[in-house]
Amino acid sequence: MSDTPPPPSDDTPPDSDLLRAAEYVLGLLEPAEAETFEARLATDPALRALTAAWADDLVAITDTIPEAQVPDHVWQALQARLWPKARAEGGAIPRSWRGFLASLGLGELVIGTVAAALLAFVAWEFGWMQPDPDLAAPEYVAEIGEVTGPVRFAAGYDADSATLALERLAGTAAAGRSLELWLIAGDAAPVSVAVWPEEAGRQEIVLPAGLAARVPEAVLAVSDEPAGGSPTGAPTGAVLATGTVRAVAG
Amino acid sequence: MATLEDIEELIGQVAEGDRAAFQRLYALTSAKLFGVSLRILRRRAEAEEALQDSFVKIWRHADRYRATGYSPMTWLITIARNTAIDRLRARRARGEDLSEAEDLASSAPGPEAQAIASDERARLTACLEELEPDRAEAVRGAYLMGHSYKELAEAHEVPLNTMRTWLRRSLLKLKECLGR
């Protein structure tokens, strides 16, 4: 074979394409060759199939590579790159808010680092961006669940940013189940606020305008649901804890 | 446990711009893709950047997934592998070979105990074993180190054309073995 890439006639036709595809997958083609190959890929289903088969074969080389824990900040940075307006609120609960909750007798708050990575998740589910929440002094709070109950959450709501901060104080989902939080305003049907990620200690959720207006005096409830949340959009399992939202005096 | 069908469905949703699906896809696959980036780049900070780049590509190009005919994990891992290889090659092009020489020494396969059970791997491993050891090593070197024919020829101390012939024959043998 010559030093320069051989023309296709150098190999028998089937081997030529077979080899080209393998060399493409391995990255052994020169840039110009790779470009030509990609142009052919776009119009040649048989060549695509050959290439996909090589990719599937050779990717098995990576099967022995163990998974590696990705630091949370990678996800934060990725979000910032993809959706600059979607602020990923990392970090711990504002000190003043923490002190505030403590003063209400809500006890030690769990501040999970995993939770920080999940903060924007629920906001996405609803499809809203996260504004800049100021939760230093929530205007509304709720204690969800009895003080000695098995499932307890604390909630703080900042009306200006329509941000509901939820903190799990006690309780986990049963095996293969999820905890789901609901907002119930008056006689209206419960609206799902969050399917609680089992590893999360805390979440902030930006409520849509329609829901935000109904937070004052609403009831927040936690129910036991199938993994991933209620399949129907309404609570289907036992209600494990409830709490009424009340305005913070002063 | 997510199935390949789940991953495929998530990629489809990501192609529609579904951010929640993207986050789920990230949660399910980023540890594997990070493992691959780390193995190839061997520097944490750079592997983290490569992982970010990979997921930016996944977000932007999810609509192209179906047309490739790749299986979903193959598509994702291939993006991570190619992104890391591009960085590794750029590093080599800048002449940062010295640290890599150290790295080469530690390029042995990772702990088998943590390996995902896979028929394809067993098949590929068996077929690589049918090749002469240095030729199997050349295939691995091309995949995991992004070595060019020229670099492979230098590493194995054979003329460029010999390496080209070696590797091509090895690939044909490999395909023949995998097809058995």
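If you're wondering where the values come from, they're calculated on a predicted model, not measured in any experiment.

Student: Is there a simple way to think about the nonpolar core in this case?
Tutor: Nonpolar side chains in soluble globular proteins generally cluster together in the buried interior. If you look at the biggest cluster of nonpolar residues, it comprises 80 residues, and the most contacted ones within it are Trp54(A), Leu58(A), Phe22(B), Ile58(B) and Leu174(B). Counting residues per element, this core draws most heavily on helix 2 (residues 19–41) of chain B, at 10 residues. Discounting residues that sit within four places of it in the chain, Ile58(B) has contacts with Val14(B), Phe22(B), Leu25(B), Leu33(B), Trp75(B), Leu76(B) and Ile79(B). Grouped together as the second largest cluster of nonpolar side chains are 28 residues, Ala142(A), Ala162(A), Ala200(A) and Val222(A) included.

Student: What should I look at first to understand the sheet that holds strand 7 (residues 219–226) of chain A in this one?
Tutor: Backbone-to-backbone hydrogen bonds pair the strands of a sheet. The strands run either parallel or antiparallel. Residue and element names in this part refer to chain A. As summarised here, the arrangement of the 4 strands in space is 5-4-7-8, forming an open sheet in which the pairing is antiparallel. Because the sheet does not close on itself, it has two edges, and the strands there are strand 5 (191–196) and strand 8 (239–244). When strand polarity is set aside, the average angle formed by the axes of neighbouring strands in this sheet is 25 degrees.

Student: I would appreciate a short explanation of the interface of chain A and chain B in the present structure.
Tutor: Frequently, the measure chosen for interface size is the accessible area removed from exposure when the parts meet. Taken together, the contact between chain A and chain B spans 51 residues of the former and 62 residues of the latter. Counting the contacts that link chain A with chain B gives 4 salt bridges. The shortest N-O distance in the salt bridge between Arg123(B) and Asp57(A) comes to 4.0 Å. Counting every contact that joins chain A to chain B gives 15 residue pairs in polar contact (both at pLDDT 80 or more). When contributions to the side of chain A that touches chain B are tallied by element, the ones reaching two or more residues are helix 1 (13–26), helix 3 (45–58), helix 4 (72–82), helix 6 (113–118) and helix 7 (121–126) of chain A. Ranked by the residues each element gives to the side of chain A that touches chain B, the list is headed by helix 3 of chain A, at 9 residues. A per-class count over the side of chain A that touches chain B returns 33 nonpolar, 7 polar and 11 charged.

Student: Explanation requested: the sheet that holds strand 1 (residues 140–144) of chain A in the structure shown.
Tutor: Residue and element names in this part refer to chain A. Reading across from one edge, 6-3-2-1-9 is the order of the 5 strands in this open sheet, with antiparallel pairing throughout. The strands lining the two open edges of the sheet, one partner per strand, are strand 6 (202–206) and strand 9 (246–247). Strand direction decides the pairing type here: strand 2 (residues 152–158) and strand 3 (residues 163–170), joined by 7 bridges, are antiparallel. When the sheet's bridge partners are listed, phenylalanine 153 is paired in strand 3 with arginine 168.

Student: Before we go on, may I ask you to explain the pairing of strand 6 of chain A in this structure?
Tutor: If a strand is regular, its side chains alternate between the two faces of the sheet. All names here are of chain A. With 5 of its 5 residues buried, strand 6 lies for the most part within the structure. Here strand 6 shows two buried faces, one formed by Arg202, Glu204 and Val206 and the other by Gln203 and Ile205. Taken together, the 5 bridges between strand 3 and strand 6 define a ladder with antiparallel strand orientation. Bridge pairing links leucine 164 to isoleucine 205 in strand 6.

Student: Would you explain the pattern of salt bridges in this entry?
Tutor: Pairing between side chains becomes possible if they bear opposite charge and their charged atoms approach one another. Summed over the entire model, instances satisfying the criterion amount to 22 salt bridges over all chains. Taking the shortest distance from any N to any O, the salt bridge between Arg40(A) and Asp44(A) comes out at 3.5 Å. Take Arg40(A): its relative accessible area is 32%, and that puts it in the partly exposed class. Within this structure, Arg20(A), Glu23(A), Glu33(A) and Arg168(B) form a network of salt bridges that share partners.

Student: Any chance you could explain the confidence of the model for chain A here in plain terms?
Tutor: Predicted coordinates in areas of low pLDDT are best not read in detail. Residue and element names in this part refer to chain A. For chain A, per-residue confidence averages 74 on the pLDDT scale, and 71% of positions sit at 70 or higher. In the model, residues 6–13 has pLDDT below 50 throughout and makes 5 contacts with residues more than four positions away in sequence or in other chains. This stretch, residues 85–134, has a pLDDT under 50; its non-local contacts, to residues over four places away or in other chains, come to 106 contacts.

Student: Sorry, what's going on with the state of the cysteines here?
Tutor: What is meant by a disulfide is a covalent connection between two cysteines, made through their sulfur atoms. All names here are of chain B. Under the counting rule described, the total for this entry stands at 1 disulfide over all chains. Through a disulfide, cysteine 127 is tied to cysteine 177; the S-S separation comes to 2.0 Å. One disulfide, between cysteine 127 and cysteine 177, carries an S-S torsion of -80 degrees and so falls in the left-handed class. Of this pair, cysteine 127 sits in helix 7 (residues 119–130) while cysteine 177 is found in helix 10 (residues 160–178), placing the two residues 50 residues apart along the sequence. Here the two residues cysteine 127 and cysteine 177 agree in accessibility, since each one is buried.

Student: Help me understand the packing of aromatic side chains in this model?
Tutor: Two measures describe an aromatic ring pair: the distance that separates the ring centres and the angle between the ring planes. Throughout the structure, instances matching the rule amount to 9 aromatic pairs over all chains. Taken together through their ring pairs, the aromatic side chains of Trp75(A), Phe22(B), Tyr26(B), Phe55(B) and Trp59(B) make up a single cluster. Cation over ring: Arg81(B) sits above Tyr143(B), and NZ or CZ is 4.6 Å from the ring centre. The residue whose ring lies beneath Lys175(B) is Trp54(A), and the NZ or CZ to ring-centre distance is 4.5 Å.

Student: What should I look at first to understand the packing of helix 2 of chain B against helix 5 (residues 72–93) of chain B in this one?
Tutor: Packed helices, taken two at a time, are described by their axes: the angle between them and the distance between them. All names here are of chain B. The N-to-C vectors of helix 2 and helix 5 enclose an angle of 35 degrees; their axes lie 9 Å apart at closest approach. For the element pair helix 2 and helix 5, the recorded crossing hand is right-handed. Contact residues: Leu25, Thr29, Lys32, Leu33, Val36, Ser37, Ile40 and Leu41 in helix 2; Met73, Leu76, Ile77, Ala80, Arg81, Ala84, Ile85, Arg87, Leu88 and Arg91 in helix 5. When grouped by side-chain class, the residues that make up the contact of helix 2 with helix 5 number 12 nonpolar, 2 polar and 4 charged.

Student: How should unusual backbone geometry be read in this particular structure?
Tutor: For residues besides glycine, phi is generally negative; the peptide bonds are generally trans as well. Positive phi, normally seen in glycine, also occurs at Glu217(A), with a value near 70 degrees. Within the secondary structure, Glu217(A) is located in the loop between helix 8 (209–212) and strand 7. Residue Glu217(A) is classed as exposed on the basis of its relative accessible area of 69%. For Glu157(B), which is not a glycine, the phi torsion comes out positive at approximately 55 degrees. Relative to the assigned elements, Glu157(B) resides in the loop between helix 9 (149–156) and helix 10. Judged by its relative accessible area of 73%, Glu157(B) is exposed.

Cut-off values and rules
- Residues numbered from 1 in each chain as written.
- Chains lettered and ligands numbered in written order.
- Predicted model: local features only at pLDDT ≥ 70, side-chain atom pairs only at ≥ 80, totals over all residues.
- Heavy atoms only, no water.
- Core = buried A, V, L, I, M, F, W, Y, C linked by side-chain atoms within 4.5 Å.
- Buried < 20%, exposed > 50% of the residue type's maximum accessible area, 1.4 Å probe, protein only.
- Helix = DSSP H or I, 4+ residues; strand = E, 2+ residues; numbered from the N terminus.
- Contact = heavy atoms within 4.5 Å.
- Pairing = 2+ DSSP bridges.
- Axes fitted to C-alpha atoms, helices over the stretch in contact; angles between N-to-C directions.
- Salt bridge = Lys/Arg side-chain N within 4 Å of Asp/Glu carboxyl O.
- Polar contact = N/O pair within 3.5 Å; in protein donor to acceptor, adjacent residues only side chain to side chain.
- Nonpolar A, V, L, I, M, F, W, Y, C, P; charged D, E, K, R; others polar.
- pLDDT = per-residue confidence, 0-100.
- Disulfide = S-S within 2.5 Å.
- Phe/Tyr/Trp six-rings, centres within 6.5 Å; stacked < 30°, edge-to-face > 60°.
- Lys NZ or Arg CZ within 6 Å of the ring centre and 35° of its normal.
- Left-handed = near helix turned anticlockwise from the far one by under 90°.

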